[in-house]
Structures are given as structure tokens and as C-alpha cells.
Amino acid sequence: KRALAHSTPFDPVDQARLYYWRGRVQMLQGQTQAGRATWKEMEQHFPYGYYSAMAQWKRAGEKFALSAGADGQDGVAPDTGPAPRIKALWAIPPFPQALFLFSVGENDLGTSLLRDAVAQQMPQDAVQEAEAVFYYLNRHYLQLRLLANHEMDLMRHSTPDDTPLWRRAFPRPHWEVVKRLAEQEHVDPYFIFAIMREESRFFTSAYSHAGAKGLMQLMPSTAKQIARRAGLDYDEGQLHTPKLNIPIGTIYLKRVLERFDGNPLYAAAAYNAGPSTVKRWVSRYGQLPLDEFVERIPFGETQRYVKRVFLSYIVYTKLYR
């Protein structure tokens, strides 16, 4: 309570965490109304974030509606109007060069050229024009970087809802491919998107320092093994392409989910840290409620990853299901 009253040194995530666990402790002590009031105050201050999503999930009965069905609206984001005017971008290098690359089919090269440019300060009219351009070009990676740098404050103080801003922040690229694989492998398409969003931000040529590739960040050795067992034609040179990366990634995700009895938080942790590692954590902390289990994850990177995947999954289901 004292920390919340003097929360200036804490960043928003830590402030939300303090609110969340204060409310949880109050509920565990039998102060249900006080705990709910604390959570309500947290959600007023931090409507978008892991801890608000976790509070909503617990109030809803702590159930995951994991479904392979492609319910919800179609995979096309709301139309933002007529073909975008790009004149506002011509004075901002390297937009002209990148747009030329897009026009001749060099999409990844154009994306790489703009990667740092969209993080710079830009006039608001240019931000809006760029968002429209990226939407029409299906450059969701750039769209997300633009939103992160220019719209994040707005998002942090608003609730995910069915508006163009939130649809742009949580897009569904390659929807037909994901929908087909989700139904075929009995994996929730929105969980696939949550993993994909956190792994690569939808940049098809994403490449990690460890050697993981593509939208779902697959290690070549793992991908080769999965492809062989699934009877898929495997070509490491094509691993970054959606037509190979998404099927292999979805099959691997299904196997991880099956290993952890369909628990998406355990599965997300295993996708990041490896199934064997998470099996040890589950044997040690698996008797705890899921929110406590997540806080006990000893790898900081994996803990943050699980929280981001959980938040993305909750937002996707809220927007589209």
C-alpha cells in the first residue's frame, strides 16, 4: 500500500504488478470486496497490460476458450478509406526509396530500410499516412513498430476494442493459411497469432542471434525434425517463408500444447525456454495457481515472454471472437 502511494519510482508495469498482487492478497485474506476494488483501480489506471488481462481472466473463471474454430470476423482489417496518399512521406528519407522497393516486389529489403526510420520522430500526418501505406502493403511488422513508437501511450490508457487502432496493433496476416492449419492441427488460431506476434512481430525474414528463422522463429534443426515426422518437404532456404514456417511452427506448437495438457501458459514458456526446462518448473511450481506460477518462472526473458503471449492471446480473442 505504501509503495502504491509513492509509486513515482516504479514504471507502469511494476505499478500494475503492485496493484494486482495487493488485490490478490486481499482476496486470499477474505477481503473480497477490497480486492476487487483494488483490481478495479488498477484497470482504471492501466487498462491495457498483462496484469489487467490476468485479473479479467480470473474473474471470468480462469478458463481458456482454446478452440480450433475460425470463428469471429473475417481476416481483413477494417478498411481505412481510399488508397492512401503518400505525398506526406516523400520528404522523409528513406520512405521514397523504400516505397520504390515495395513497388518492385523487394518487400523485405524495403522493410529493412524502414525499420529504423519508423522509430524516429515524425509529423502526425506522416504517421497516419505511413500506417495506411503499411496496411495496404501488408507490412504488419512496420505497422507494429510505428504503433509502438507513436501510439503506445494512447494504447496504454485505453481498453482493447473493435477499432482500427487495435486491429492494426493485433493484425491477422496470412489468415487463410493460419485458419486452415488451426483446423487441421486443432490449435487455436489466436494462440498461433499470439506466439507469432511475440516471436517476430510478423516480419517474415526475422532472424535471431541463435539462428531461429521466420514468423514463428524456428531453429533449422528443430524444423527439419518436425518436417520429417510430419511428412513435409523441407528446404532450409525456404524456412523463412510463411508457406513453410507457419505449418512447421503450428505443428510444433500443437506438440508442445499436448505435452502440457493444453495449458497455453506452460506451452508458451516451453516454446521460449524448451519443454524439458518447463517440465522441471511445472514439477516444482505446477501446484500453484497460474498467475503465481508465471511469477515463479526463474528466467526473466521467459517470464516476460509468457506475459506478452498471454496478453496478446487475450486481446486477440477479445477483438475477433
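Nothing here was measured: the structure is a model prediction, and the numbers come from that model.

Caption draft 1: Expanded view of the overall build of the protein. The helix and strand inventory of the protein stands at 18 helices and 0 strands. Taking the principal axes of its C-alpha atoms as reference, the protein extends roughly 65 × 50 × 35 Å. The buried share of the protein, reckoned over its 321 residues, is 50%. Here the contacts in the protein between residues at least 6 apart in sequence split such that 61% fall between residues at least 24 apart. Summed over its atoms, the accessible surface of the protein is roughly 15,700 Å², and 51% of this surface lies on carbon and sulfur atoms. Separation of charge centres in the protein, based on 40 positive and 33 negative side chains, amounts to 6 Å.

Caption draft 2: How the structure looks around the side chain of E43. Looking at the element boundaries, E43 is found in helix α3 (residues 32-45). Looking at E43, the relative accessible area reads 16%, which means it is buried.

Caption draft 3: Representation of the nonpolar core within the structure. Of all hydrophobic cores here, the largest spans 75 residues; its most connected members are F170, F191 and I195. With 11 residues, the single largest contributor to this core is helix α18 (residues 300-320). Excluding residues within four positions of it along the chain, F191 makes contact with L66, L253, L257, P264, A267, A268, V309 and Y313. By size, the runner-up hydrophobic cluster in this structure holds 20 residues, among which are L89, F102, V133 and A206.

Caption draft 4: Layout of the pattern of salt bridges. Inspection of the entire model under this criterion finds 16 salt bridges. Between E43 and R59 there is a salt bridge; the shortest N-O distance is 2.8 Å. Highlighted residues: E43 in helix α3 and R59 in helix α4 (residues 50-59), separated in sequence by 16 residues. In this structure, the salt-bridge partner of E62 is K58, at a minimum N-O distance of 3.1 Å. Within this structure, R24, K58, E62, D291 and E292 form a network of salt bridges that share partners.

Caption draft 5: Geometry of unusual backbone geometry. In this model, P93 is joined to P94 through a cis peptide bond whose omega is 0°. One non-glycine residue, F202, adopts positive backbone phi at about 70°. Among the secondary structure elements, F202 is positioned in the loop between α12 (189-200) and α13 (220-230). Located in the positive-phi region is D261, a residue other than glycine, with phi close to 55°. Within the secondary structure layout, D261 lies in the loop between α14 (242-259) and α15 (264-273). Accessibility expressed as a relative area gives 74% for D261, which makes it exposed.

Caption draft 6: Summary view of α12. Here α12 is 12 residues long and its end C-alpha atoms lie 16 Å apart, about the 16 Å a rise of 1.5 Å per residue gives. Next to the buried residues of α12 lie α8 (140-150), α10 (164-169), α11 (175-185), α14, α15 and α18. Capping of α12 at its N-terminal end is provided by D188; its side-chain oxygen lies 2.8 Å from the backbone amide nitrogen of Y190. Positive phi shows up at R201, right after α12, with a value of about 55°.

Caption draft 7: Just the packing of helix α2 (residues 12-28) against α4, in detail. Across the interface, α2 lies against α4 with an axial gap of 9 Å and an inter-helix angle of 25°. By the angle between their directions, the pair α2 and α4 is classed as roughly parallel. Contacts from V13, A16, R17, Y20, W21 and R24 of α2 reach α4 at Y51, M54, A55 and K58. Residue composition of the contact of α2 with α4, grouped by class: 7 nonpolar, no polar and 3 charged.

Caption draft 8: A look at the packing of aromatic side chains. A complete count under the given rule lists 27 aromatic pairs for this structure. On the numbers, 4.7 Å between centres and 80° between planes, the contact of Y50 with Y51 is edge-to-face. Summarising the burial analysis for this pair, Y50 and Y51 share the class buried. Ring geometry for Y266 versus F293: centroids 4.7 Å apart, planes at 65°, classification edge-to-face.

Caption draft 9: Layout of the layout of surface pockets. Approximately 870 Å³ is the volume found for the largest pocket. Around the largest pocket, the lining is made up of 31 residues, and of these V13, Y48, R156, R308 and L311 lie nearest the centre. For the lining of the largest pocket, the secondary-structure elements that each account for two or more residues are α2, α4, α8, α9 (152-156), α12 and α18. Of all the elements, α18 adds the most residues to the lining of the largest pocket, at 7 residues. Class assignment of the residues belonging to the lining of the largest pocket gives a composition of 16 nonpolar, 5 polar and 10 charged.

Cut-offs used in this document
- Residues numbered from 1 in each chain as written.
- Predicted model: local features only at pLDDT ≥ 70, side-chain atom pairs only at ≥ 80, totals over all residues.
- Heavy atoms only, no water.
- Helix = DSSP H or I, 4+ residues; strand = E, 2+ residues; numbered from the N terminus.
- Buried < 20%, exposed > 50% of the residue type's maximum accessible area, 1.4 Å probe, protein only.
- Contact = heavy atoms within 4.5 Å.
- Areas by Shrake-Rupley, 256 points an atom, 1.4 Å probe, with all protein chains shown as cover.
- Lys, Arg positive; Asp, Glu negative; His and termini not counted.
- Charge placed at Lys NZ, Arg CZ, Asp CG, Glu CD.
- Core = buried A, V, L, I, M, F, W, Y, C linked by side-chain atoms within 4.5 Å.
- Salt bridge = Lys/Arg side-chain N within 4 Å of Asp/Glu carboxyl O.
- Expected span 1.5 Å × (residues − 1).
- Polar contact = N/O pair within 3.5 Å; in protein donor to acceptor, adjacent residues only side chain to side chain.
- Axes fitted to C-alpha atoms, helices over the stretch in contact; angles between N-to-C directions.
- Parallel < 35°, antiparallel > 145°, perpendicular 65-115°, else oblique.
- Nonpolar A, V, L, I, M, F, W, Y, C, P; charged D, E, K, R; others polar.
- Phe/Tyr/Trp six-rings, centres within 6.5 Å; stacked < 30°, edge-to-face > 60°.
- 1 Å grid on protein atoms, 1.4 Å probe; cavity = no way out; pocket = protein on both sides within 12 Å on 5 of 7 lines; lining within 4 Å.
- Points joined across faces, edges and corners; volume = space filled by probe spheres on them.

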